[in-house]
Amino acid sequence: MSILVVVVSGFASGVGFRSLLFFSWWPVLFVVMLAALVGAFYFMKPRRAYSLAAMFFIFVALGMGRTAVSDTPAPEAFLRDVKHRVAYEGVVVGDPDIREKNQRIALEVYKGDERVGALAVMPLKNHVAVGDRVRVYGTLLLPQAFETENGRTFRYDKYLEARGIRFLIQYGAIYTTESAPWYSVPATLARIKHSFLDGLARSLPEPSSALAGGIVIGGKSGLGTDLHNAFIRSGLVQIIVLSGYNVMIVAEWVMIFFGLWRLPRRLQYFAGGAALLLFVGIAGISATAVRAAIMAVIALYARATGKSYAASRALLFTVLVMLLWNPLYLVFDPGFGLSVVATAGIIWLAPIIERGLSRFQRVSQVQRHPVAPSGATGLSETLSENVAGRAFGFWTNAVATTLAAQISVLPLLLYNMGLFSLVALPANLLVNAFIPLAMAAAAIAGVVGMVLGSVLPVVTTVVGIPAHILMSYIIFVAQKSASLPFAAFTIERFSFVLVLLAYALLIYFASSKRFSTTDQFKFAKKAST
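All figures in this text were calculated on a predicted structure; none of them were measured in a lab.

Calculation criteria
Residues numbered from 1 in each chain as written. Predicted model: local features only at pLDDT ≥ 70, side-chain atom pairs only at ≥ 80, totals over all residues. Heavy atoms only, no water. Buried < 20%, exposed > 50% of the residue type's maximum accessible area, 1.4 Å probe, protein only. Helix = DSSP H or I, 4+ residues; strand = E, 2+ residues; numbered from the N terminus. Pairing = 2+ DSSP bridges. Axes fitted to C-alpha atoms, helices over the stretch in contact; angles between N-to-C directions. Parallel < 35°, antiparallel > 145°, perpendicular 65-115°, else oblique. Left-handed = near helix turned anticlockwise from the far one by under 90°. Nonpolar A, V, L, I, M, F, W, Y, C, P; charged D, E, K, R; others polar. Expected span 1.5 Å × (residues − 1). Arc of directions from axis to C-beta. Polar contact = N/O pair within 3.5 Å; in protein donor to acceptor, adjacent residues only side chain to side chain. Contact = heavy atoms within 4.5 Å. Core = buried A, V, L, I, M, F, W, Y, C linked by side-chain atoms within 4.5 Å.

1. Details of the pairing of strand S4 (residues 114-122)
Strand residues, when the strand is regular, have side chains that alternate between the two faces of the sheet. When you tally the buried positions in S4, you get seven out of nine residues, the bulk of the element. Relative to S4, strand S3 (residues 103-111) is paired through nine bridges, and the arrangement is antiparallel. Its bridge partner being in S4, lysine 111 is matched across the sheet by glutamate 114. The turn linking S3 back onto S4 is made up of two residues, and glycine 112 within it adopts a positive phi angle of 65°.

Below, the structure is given as structure tokens:
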């Protein structure tokens, strides 16, 4: 485990240094010389610390080198067209992101033998779909970094580059020249997604249908600016974006369904994995969806088996592979960092919090029933205690997961956005326990709306009532918590040094609690023998 930690931390450090500070090969050479120097110390006096330090510096150099290799200029054929009116042939590679005033369409456009990713910002009247061959007109521009409302500089150019997009096409139009072929898997999955969203629109009124679509498959379209801002201020915005938590709930529901039929555990896990693949495909096969699925599998494995050690290794290995694939994720994709730390929090912090809450339950039970004579407890009391124990177990799991995720992402959120929500924790505690039910109710309403919406609209409306009640409750919590005085405020300067310090303290706390618990268990076991 220590070797994997050194490898991943070294590679990530190299990626971060190269992304933020250095733009030549000389620092890489310097780090290689440091690795050689520490390696020489190891050969003179073999110690594990020297070997780990040499390995760390080697992977720092490899991370810097990988980032330098990925830092390629945009094709010259397209750079010559910047700030000019252009007309390109291309293919729609992503589901259009519908906003209030326009839509943003990810394209792969061609010019001669060259091809490049571009984001077309087009009017809502132009309708295209995934897999369509299109002709796009407009002004070609380079994405630029900009300053956010909170005073942060957002590297929009690098954020898009991490998604394979190098140019913007604005102030124009887009037309379909050839529809996606019937055998196109991405196009078929996108059609299923839109049919499901149409089914939700038939079953639920706005904004409940928009929120249901966001909770089930991710997306903020249709919420409106005011409601979206309310979710941000209340700290609930993560429930309307595609995340590992949403994907994990889908897998758990599928596993519960197959578990009701008493199918083998291996088949349940296989069904959960198949549901993950289908869900990711329908939500959109993107880096965000794939990352969410991977993080969901790791978190689900940790929760199902209790093997946080194995899940930690899987998380570290996943981080290494994703940074090897695209080093830009580390610094320029905020969602990547938030997914990693949230998953790590669920793996390491959630069990600690849950043990503390369970200890509180045991103490309260002892205070209520200090001494009970043998056979004095009645059947009804035993049943009520079992029901209460199950309910408390569900509650502790929900609270522990919420607290762990909120604590883990807070330093990065403060660094990236500077927005600190005082109501985030109570709002999440009020909402998160209902998210699995809300997703299940929305999924049922969407499927029924797909099948019966145009034939039996009354039935779809009735089926959608539970989902509408749950969505209305979530919206109520978001709006009321966001409207409270001092619900959220901006921290103008939260340096990266403070981020590193915060995570160092969290790592120390989690590791010390884990090892102290293990030592107590060993001591108790030894004393009982």
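2. Focus: the packing of helix H1 (residues 2-20) against helix H3 (residues 48-70)
Two numbers describe a pair of packed helices, the interaxial angle and the distance between the axes. Contact pair H1 / H3: the axes reach a minimum separation of 7 Å and the direction vectors enclose 40°. Taken together, the axes of H1 and H3 are oblique relative to one another. In the crossing of H1 with H3, the sense of the turn from one axis to the other is right-handed. For the contact of H1 with H3, the residue count by class is 14 nonpolar, eight polar and three charged.

3. Section: helix H2 (residues 26-44)
Its 19 residues place the ends of H2 27 Å apart at the C-alpha level, agreeing with the 27 Å of an ideal helix rising 1.5 Å per residue. The set of residues buried in H2 consists of Pro27, Val28, Val31, Ala35, Val38 and Gly39. One side of H2 carries all its buried residues, which in axial view fall inside an arc of 120°. Opposite the buried face of H2, at more than 90 degrees from it, the exposed residues are Trp26, Phe30, Met33, Ala36, Phe43 and Met44.

4. So, the side chain of serine 184
Within the fold, serine 184 resides in the loop between strand S8 (167-178) and helix H6 (185-203). At a separation of 3.4 Å, a polar atom in the side chain of serine 184 contacts the main-chain amide nitrogen of alanine 187.

5. As for the packing of H2 against H3
Close contact between H2 and H3 brings their axes to 8 Å; oriented N to C, the two are set at 165°. In terms of orientation, H2 lies roughly antiparallel with respect to H3. Considering how the two elements wind past one another, H2 and H3 form a crossing that is left-handed. Contacts between H2 and H3 involve Pro27, Val28, Val31, Val32, Leu34, Ala35, Val38, Gly39, Phe41 and Tyr42 from the first element and Tyr50, Ser51, Ala53, Ala54, Phe57, Ile58, Val60, Ala61, Met64 and Gly65 from the second. Along the lines of polarity and charge, the residues of the contact of H2 with H3 split into 17 nonpolar, three polar and no charged.

6. Examining the nonpolar core
If you look at the biggest cluster of nonpolar residues, it comprises 34 residues, and the most contacted ones within it are Leu211, Phe231, Ile435 and Ile474. Within the residue set of this core, elements represented by two or more residues are H6, helix H7 (208-217), helix H8 (225-233), helix H9 (244-260), helix H10 (265-283), helix H16 (424-432), helix H17 (435-452) and helix H19 (465-482). Top contributing element to this core by residue count: H19, with seven residues. Setting aside chain neighbours within four positions, we find phenylalanine 231 in contact with Leu211, Leu236, Val237, Ile239, Ile240, Ile474 and Ala478. Judged by nonpolar contacts, the second largest core, of 20 residues, contains Tyr88, Ile105, Met122 and Val134.

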